[in-house]
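Given next are the chains, with one letter for each unit.
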Amino acid sequence: MNKRLPLAAAILFALAAITQAPAAQAQNSAGNSADSAADKKDSNQLETVVVTGSLIPQAQIETASPVLTITSAQMKREGFGNVYDALRALPLATGSVQDGQFQGGFTQGAGTLSLLGLDPAFTLTLIDGHPLADYPLLYNGQSNFVDLTNIPMGMIDHIDVLPGNQSSIYGSAAIAGVINIVLKRKVDGVELNYRVGGYDRGGGANQRLELLGGHSFSNGINLTWGVQIGNQNPVWGFQRRDFFSTTDNPNAAARYGTRTFLYNYYTPSGATRYIDPGASTCTPLSSNYGGTTNYQFRAGRGYYCGSTEAPGYDATLASADRSAAGYLHVSDRLNDNVEIYATVLYNADSSRYGDGTRFWTPNGGNVGSGNFFNATTGRTESFQHFFSPEESGGLGVQGVRELKRAYNVYGGARGGIGTSNWTWDAYYDRSEYFDKTKELWPLQDKVDAFFEQQFLGPKLGIADSGDPIYAPDPGKFYQSLTPAQYMSFQGMIASKSKTSTEHLNLQLTNTELFTLPAGAVGVAGIAQVGRQKWSNPAQPELIDGAFWGRSGTSGAGTRNSWAVAGEVRVPVLSTLTANVSARYDDYSNDGGGGDSKATYKLGLEYRPLESLLFRGSYATAFRAPDMGYTFSGLSGSFTTLTDYYRCHVQEPGVPIEDCSYNAEGVFSQHHGNRDLKSITARSFGYGVVYSPTADINVKADYYDVKLKNEVQREDRDLFLRQELACRTGQLDINSPTCVKALSRIVRAAADAPVPLQLLEVDNNPINIASERVAGIVFSGNYRLRTDRFGDFTFGANYNVTTKHTATPSPGDPQIDLLRDPFNSTEFKTVFSGSLGWQRDAWSATLRGTRYGKTPNYRATLAAGGYATPGAGTLSPWTLYNGSVGYSFADKASLTFIVNNIFDKDPPKDPTNTALPYYNYFNYNVYGRQFWLEFDVHFGGK
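Note that this is a predicted model, so its numbers are computed, not measured.

Draft legend 1. Inspection of the side chain of S168 at higher detail. Structurally, S168 is set in helix α5 (residues 167-170). At a separation of 2.8 Å, a polar atom in the side chain of S168 contacts the side chain of S581. Those residues in contact with S168 that sit more than four places away from it in its chain are A565, S581, A582, R583, T599, Y600, K601 and T620.

This is the structure:
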């Protein structure tokens, strides 16, 4: 536990002791006056509630800030298996994101959201109003975000989602909005819940057991506890064959198998030709990839040994998971004026997933082109060997094993100050996330030595092209490996990463500071000190390129912060209420750098009728410099770039698109920037709420958010274009632009085997971009009560993004992200509707979610977007979930739940000729999923 915790606890209990004495004295000297004041306060507390987005408890649930609330019971009824799936289905979650379907990504073991189509890092996620620690690994290898996959559903009471700028209350990151996960506080008795289910198409079989209990004791102690354990099998790509078999490629000419054993050469013109192994050579290899390897042919290239099913054996769509979570909340009212409380939520998750193909080519990986010069044939040639599960020792051996542990703890004391209307709350919160990954991966030197010994022979020198010279024996190439041979050249890529965030807080609140003719003025203030840490070390061997074709990211840092905030709620008229909040945050990095930011929010609520509310707000917000962008160490990656200068020097007059150096594989390094400043935002919104009865509620709100100083890595392509201008005299080579561009580029020397070869282009993060998003969100709920047919509920939520633009850097043309599929495939519209029914012991719910049109694959390939021949849109995608339940005497229930009732696949895209033939950032191919859930209550009420 952090060293600050004992000190924090001492401060909190000291505050509690100080407050107790005046309360006791008041009671002794004034008889029952203290009791009367306490009764009055209890009455006021019953009339007010804590609303997400405000520090001041209030009677009105609907305020100037629109809040969407979903309950745990609602998530179950509407057919969601976990919290992440339920949040991902929100109409506000319009952006494309990486999740478990993205093999080979940096964060395949995590799940995140893109509210309003904005970066996942711009959404603040809270547990009971306290921030969650970031996922330790970097999203897209660049920035931090919150993982939503390990939140136990059984311990949740409800979730509030508040879109738009909320930094004046919550501080950093609350730009796209706030997700506040509220845990259960009071449970009477013990509730047992068991769920079992799986997928129609195979894979993903899962079980979950929950125990939740609690009791309120007569001495003022309230105890709530919970335990959840779960198990899930993986979903492999081959179990969704329609999307992972090359025989289903929409391009009939490309329905050839993956080249698992390939021997090829290059003609003088640079064309690739396969060397025919003969059908009998492929026969001994047929057991690979589930018995699907055979003799294959590719038009224009030739024959080889391959498999049309191989891609599905290397990739999981959902990981194998074993999880456990524990929850404890306890509060104790020491006297009429003071209560102490504490909450602990702990999660542990062990998962395994396939993250893509492992293969080998000579002179490949981190060292060269993947080609060699054959001294026997006098040609430039190459071999390619894909490692099958049978060679490695079984499914999952080549994948990632990830252990995730996270805890969230907060506790403190709260109470009143004497008999006044002032209350105080002093508390400490801490959240920590630990991630450990292990992954077998070929070592560059060992795998090269293995295949040199097997068939390549010793290296005979270096050719004029810079490729090594070998005299191989191709007949020995076509051999399956044994698991022992495979393990002989493997290394273990292992990482232990951790993040944490902690705060010590003191809040003062007065819901009736003084009274105006229109009502009481409420105020609240908070003071906070905090610390945030991130540690993501990488093996030196990984950074140095010891692993074949792999590099990594690394970094570590600590940031201290302090903040003060205040809020005032003023009833201007009996029908008009104003709310003003402001906050000042200061951040300082260990080792130098930091930033400070003031934010504010103005809100108005106009109620001409008790059932009608018009609201509006204007707010500013910020995102403190990301820990990953700030503290990343020297990290590397591989990319493909156009070498403009080499094209100009070695192929003058050749169009860039035809130049031999138009797609050069290049290594890139980058590191953090401690001088980054905060991303800033401002937003305004207005809306209306109409609720004529308790059974009818309709609301519509407009939002408009503008961001500045967004962080992006420097443009490597721009550096290469600037280099050409600098070296050809178009720009002064001594100018700051040229000095900077040339400092980022590393080339081979003029007398190297490959003169001027582009070796490296580095890029670091800077504040440079801007963005704007606007839209309308609508929701409505209606309950119809009948004596004969039972009760019916109708719900609808709709979000339409009316504007989303981005400017990568000052002076660049503005990008219309809703109409530029090259840069964005987000959903412009998302609609969800639900129908519920309950009569006596029976209940049923049907939910439908309609995702609007998105670009087809062809439209995303080039900057021309929809002007590209064959570009267009995909049809809307509609999914239906449902449940049917029966209750036994209010003590037990049995529920059948189905997700994706009609087993709907993503919309067909005949232009998508790249595996897996669908946009996995927007859609999934899990298909129909079902559960049977049993719930029983023991004791209590």
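Draft legend 2. Representation of the packing of aromatic side chains in the model. According to the stated counting rule, one finds 52 aromatic pairs in the structure shown. Ring centres of F477 and Y478 lie 4.9 Å apart, and the angle between their planes is 70°; on these two criteria the pair is classed as edge-to-face. Across the ring face of W931, the terminal group of R195 is positioned such that the distance to the ring centre comes to 4.7 Å. Above the face of the W441 ring, R550 is positioned so that its terminal group lies 4.5 Å from the ring centre.

Draft legend 3. Layout of the state of the cysteines. Evaluated as defined, the whole model comprises 3 disulfides. There is a disulfide in this structure between C726 and C738, and the S-S distance comes to 1.9 Å. Its S-S torsion of approximately -90° makes the covalent link between C726 and C738 left-handed. Taken as a pair, C726 in helix α16 (residues 716-727) and C738 in helix α17 (residues 736-743) lie far apart in primary sequence, 12 residues in all. What makes C726 buried here is its relative accessible area of 3%. With its bonded cysteines labelled in order along the sequence, the protein chain shows the pairing 1-2, 3-4, 5-6.

Draft legend 4. Seen up close, the confidence of the model for the protein chain. Of the residues in the protein chain, 95% reach a pLDDT of 70 or more, and the chain-wide mean stands at 90. Confidence drops under a pLDDT of 50 for residues 1-47, and excluding neighbours within four residues, the segment shows 52 contacts in the predicted structure.

Draft legend 5. Fine view of the sheet that holds strand β3 (residues 130-131). Pairing is mixed across the open sheet formed by 5 strands, whose spatial order is β1-β4-β5-β2-β3. Of all the strands in the sheet, the pair left with one neighbour each is β1 (68-71) and β3. Where β1 lies against strand β4 (residues 156-163), 4 bridges are found, and the strand directions are antiparallel. Bridging from a neighbouring strand, L68 pairs with V161 of β4.

Parameters and conventions
- Residues numbered from 1 in each chain as written.
- Predicted model: local features only at pLDDT ≥ 70, side-chain atom pairs only at ≥ 80, totals over all residues.
- Heavy atoms only, no water.
- Helix = DSSP H or I, 4+ residues; strand = E, 2+ residues; numbered from the N terminus.
- Polar contact = N/O pair within 3.5 Å; in protein donor to acceptor, adjacent residues only side chain to side chain.
- Contact = heavy atoms within 4.5 Å.
- Phe/Tyr/Trp six-rings, centres within 6.5 Å; stacked < 30°, edge-to-face > 60°.
- Lys NZ or Arg CZ within 6 Å of the ring centre and 35° of its normal.
- Disulfide = S-S within 2.5 Å.
- Buried < 20%, exposed > 50% of the residue type's maximum accessible area, 1.4 Å probe, protein only.
- pLDDT = per-residue confidence, 0-100.
- Pairing = 2+ DSSP bridges.

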